[in-house]
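Residues per chain are reported as follows:
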Amino acid sequence: MSSSPSSNPQLRPVGSKSPLFQILLCFSAGLAAFRIWCRSASVLSIAPTTTTTTTTTGTAMRRSGHLNTRPSLRRGVRVISSLISRKATEEEVLRRIVGLGSCGVDFLAQVEEYPSPDDKIRTTDFKVFGGGNAANTLSALGKLGNSAQIVTKIGKDPNGEMIMKELESAGVGVDFVLQSDRTPSPFTYVIVDKKSSTRTCIHTPATEELSPDEISGEMLDNCSWVHLDGRHTPAATKLGELANSKGVLVSLDVEKDRPGLAKLLTKANMLFTNSKYPHIFAEKHGDDSKDIEANMKTILLQLPRLQFVVSTMGADGSIAVVRENNGEEEEEEGKGKDNRFLTFRCQAWQIDAKDIVDTTGAGDAYIAGVIHALVRKQSLESGMKLGSYVAAKKLTRLGAREGTPWRSEAIAEVPGIFHVEKI
């Protein structure tokens, strides 16, 4: 998911003489050189990427991640704080955050402008990064000082080895990464258009996913939080069920419909999504409204376990709808309003348009900021502010992970919202 997705760049057809074909040839040559370099290098210094739906406009974002809230909405912030405090003790802040989902390699080419058919152009930059939504979020959490562990399946190949090294360098545990010689590691070609601040992704998935049989209760030992991104869906559903049975909170990042997603959604306590999925969900449940707030309420009505839904919206910031009063409507004297839900918005963190390099993975970075705050029993309000900051830092660098801040950097730059102690 993307801080804050707002639109999907369109995929373009690949023809044998298309400019995209020429770029892919360039990728292949770059990959061959990169593998040779890998064999001789003892440490890989790379940064990552994922498939989010973020596109930034030329306007500068606002500063400080300010939340527009009415006084009554503060109750909603307390609702979330109490949810976290009921589930987590102060000692659990040091427990592991376990994530299950996509993990791969991104071959990222930056160009001045996406080519017209049959053009020949050159890259202005070429990088090889780790990618995958869950892996990106966990990497950002690791850099912020959390104990993070990933559950996923990759190939037993050079790309797989690169993935493992990069995750470990960000502080992400890889004990539950399964490497199979029956599947290649997933990879994505990413073309970043500097002129329009968009990116085009061409993904090649693994041929073998995690199975529910490969999920065990051991993965949740000393775990305070589970984060899922919707991939490896049957396996994710089983891990979600185990987490539910142990009272471990589950967050889920959803960008689009997937086979098996309906069952997985019932395991989540918190849902992160983009500006498009709430409309998709609501339409499937008979709500043809195009209002995102109304669509998010529909999600909460259909999924009673969920406590809140957060949607990221690119330069427009993010919006949260929180369940109040256990979702039961209470009549207020003289008022006929629906008080089952509370809604509030967080503005995007200010960043000059000229400093925006790449939007890939901004939503994954945003989610990391929110989880970091909630694990520490801070309010959702604090989490949305921190998420906006982490996402904005990501936007200034290529790839999904290189720009996300380290703990020391966040403490120095935003001490007011990056709390390291329990409040």
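Residues numbered from 1 in each chain as written. Predicted model: local features only at pLDDT ≥ 70, side-chain atom pairs only at ≥ 80, totals over all residues. Heavy atoms only, no water.

**Student:** What is the right way to read the overall build of the protein chain from this model?
**Tutor:** Helices and strands together make up the secondary structure of the protein chain, namely eleven helices and 14 strands. Burial status across the protein chain gives 58% buried among its 423 residues. By element, 49% of the accessible surface of the protein chain is carried by carbon and sulfur atoms, the whole surface being about 17,500 Å². (Helix = DSSP H or I, 4+ residues; strand = E, 2+ residues; numbered from the N terminus. Buried < 20%, exposed > 50% of the residue type's maximum accessible area, 1.4 Å probe, protein only. Areas by Shrake-Rupley, 256 points an atom, 1.4 Å probe, with all protein chains shown as cover.)

**Student:** What should I look at first to understand the pattern of salt bridges in this one?
**Tutor:** A side chain of one charge can pair with a side chain of the opposite charge if their charged atoms are brought near each other. Scanning the entire structure with this criterion turns up 17 salt bridges. A salt bridge links lysine 267 to glutamate 241; the shortest N-O distance between them is 3.7 Å. On the criterion of sequence distance, the pair formed by lysine 267 in the loop between helix 6 (261–265) and strand 11 (270–273) and glutamate 241 in helix 5 (residues 233–246) is long-range, its members being 26 residues apart. The exposure class of lysine 267 is buried, given its relative accessible area of 15%. Between lysine 354 and aspartate 355 there is a salt bridge; the shortest N-O distance is 3.5 Å. Lysine 354 gets classed as exposed once you look at its relative accessible area, which sits at 68%. We classify aspartate 355 as partly exposed; its relative accessible area is 31%. Through salt bridges with shared partners, one network takes in Lys153, Arg182, Glu208 and Glu214. (Salt bridge = Lys/Arg side-chain N within 4 Å of Asp/Glu carboxyl O.)

**Student:** Explain the nonpolar core to me, please; I cannot follow it from the model alone.
**Tutor:** In globular proteins that are soluble, nonpolar side chains generally tend to be buried together. With 43 residues, the main nonpolar core has Ile150, Leu167, Trp225, Phe308, Ile371 and Leu380 as its most contacted residues. Here this core takes seven residues from helix 9 (residues 362–375), the largest share from any one element. Listed in part, the 37 residues of the second largest apolar core include Leu100, Phe176, Leu210 and Ile319. (Core = buried A, V, L, I, M, F, W, Y, C linked by side-chain atoms within 4.5 Å.)

**Student:** I tried to follow the environment of threonine 152 on my own but got confused; where do I start?
**Tutor:** Relative to the helices and strands, threonine 152 resides in strand 5 (residues 148–155). The class for threonine 152 is buried, based on a relative accessible area of 0%. Remark: the alpha-carbon pair of threonine 152 and valine 174, spanning 22 residues in sequence, is separated by 8.9 Å. Beyond its immediate sequence surroundings of up to four residues, threonine 152 is in contact with Gly101, Ser102, Cys103, Phe176, Val177, Leu178, Leu210 and His232. Within the local environment of threonine 152, its side chain forms a polar contact with the backbone oxygen of glycine 101, the two atoms lying 2.8 Å apart. (Contact = heavy atoms within 4.5 Å. Polar contact = N/O pair within 3.5 Å; in protein donor to acceptor, adjacent residues only side chain to side chain.)

**Student:** How should the pairing of strand 3 (residues 104–111) be read in this particular structure?
**Tutor:** Walk down a regular strand and you will see the side chains alternate between the two sheet faces. Among the eight residues of strand 3, eight are classified as buried, and the element is accordingly described as predominantly covered. Looking at chain direction, strand 3 and strand 4 (residues 125–131) are connected through seven bridges and run antiparallel. In the strand pairing of strand 4, leucine 108 is matched with lysine 127. In the sheet, strand 3 pairs with strand 7 (residues 187–193) via seven bridges, with the strands oriented parallel. Within strand 7, the position partnered with valine 105 by the bridge is phenylalanine 187. (Pairing = 2+ DSSP bridges.)

**Student:** Explanation requested: the confidence of the model for the protein chain in the structure shown.
**Tutor:** Keep in mind that low pLDDT regions are not for reading the predicted coordinates in detail. Residues with a pLDDT of 70 or more make up 73% of the protein chain, whose mean pLDDT is 80. Predicted confidence for residues 2–17 stays below pLDDT 50, and this span has 61 contacts to residues more than four positions away or in other chains. Taken together, the stretch residues 32–79 has pLDDT below 50 and engages in 154 contacts with residues farther than four places along the chain or on a different chain. (pLDDT = per-residue confidence, 0-100.)

**Student:** Is there a simple way to think about helix 9 in this case?
**Tutor:** Think of an α-helix as 3.6 residues a turn; residues three or four steps apart then line up on the same face. If you check helix 9, its first and last C-alpha atoms are 20 Å apart, about what 14 residues at 1.5 Å a residue would give, namely 20 Å. Counted residue by residue, helix 9 has 14 buried out of 14 residues, so it is predominantly covered. Phi turns positive one or two residues past the end of helix 9, at lysine 377, with a value near 65°. (Expected span 1.5 Å × (residues − 1).)

**Student:** Is there a simple way to think about the side chain of aspartate 287 in this case?
**Tutor:** Looking at the element boundaries, aspartate 287 is found in the loop between helix 7 (277–284) and helix 8 (292–302). Buried aspartate 287, no salt bridge; nearest opposite-charge side chain is lysine 290, N-O distance 8.8 Å. With residues up to four places along the chain from it excluded, the contact list for aspartate 287 reads Ala282, Ala294, Asn295 and Thr298. (Lys, Arg positive; Asp, Glu negative; His and termini not counted.)

**Student:** For this particular structure, what's the right way to read the packing of helix 9 against helix 10 (residues 380–395)?
**Tutor:** Relative orientation of the contacting elements helix 9 and helix 10 amounts to 145°, with a least axis distance of 7 Å. The chirality of how helix 9 crosses helix 10 is right-handed. Between helix 9 and helix 10, the contacting residues are Ala362, Ala365, Tyr366, Gly369, Val370, His372, Ala373 and Leu374 on the first element and Leu380, Ser382, Gly383, Met384, Leu386, Gly387, Ser388, Val390, Ala391, Lys394 and Leu395 on the second. Each residue belonging to the contact of helix 9 with helix 10 can be placed in one class, and the counts come to twelve nonpolar, six polar and one charged. (Axes fitted to C-alpha atoms, helices over the stretch in contact; angles between N-to-C directions. Left-handed = near helix turned anticlockwise from the far one by under 90°. Nonpolar A, V, L, I, M, F, W, Y, C, P; charged D, E, K, R; others polar.)

**Student:** Any chance you could explain the packing of aromatic side chains here in plain terms?
**Tutor:** Describing an aromatic ring pair means giving the distance of the ring centres and the angle of the ring planes. Taken as a whole and judged by the stated rule, the model has six aromatic pairs. Geometrically, the ring pair formed by phenylalanine 272 and phenylalanine 308 is edge-to-face, given 6.1 Å between the ring centres and 80° between the ring planes. Of the two residues, phenylalanine 272 is situated in strand 11 and phenylalanine 308 in strand 12 (residues 308–312); the sequence distance between them amounts to 36 residues. Of the aromatic side chains, those joined through ring pairs into one cluster are Phe107, Phe187 and Tyr189. (Phe/Tyr/Trp six-rings, centres within 6.5 Å; stacked < 30°, edge-to-face > 60°.)

**Student:** I keep staring at the environment of glycine 173 and nothing clicks. Help me out?
**Tutor:** Within the fold, glycine 173 resides in strand 6 (residues 172–180). For the pair glycine 173 and valine 98, spaced 75 residues apart in sequence, the C-alpha separation works out to 9.1 Å. Excluding anything up to four places from it in sequence, glycine 173 contacts Ala148, Gln149 and Ile150.

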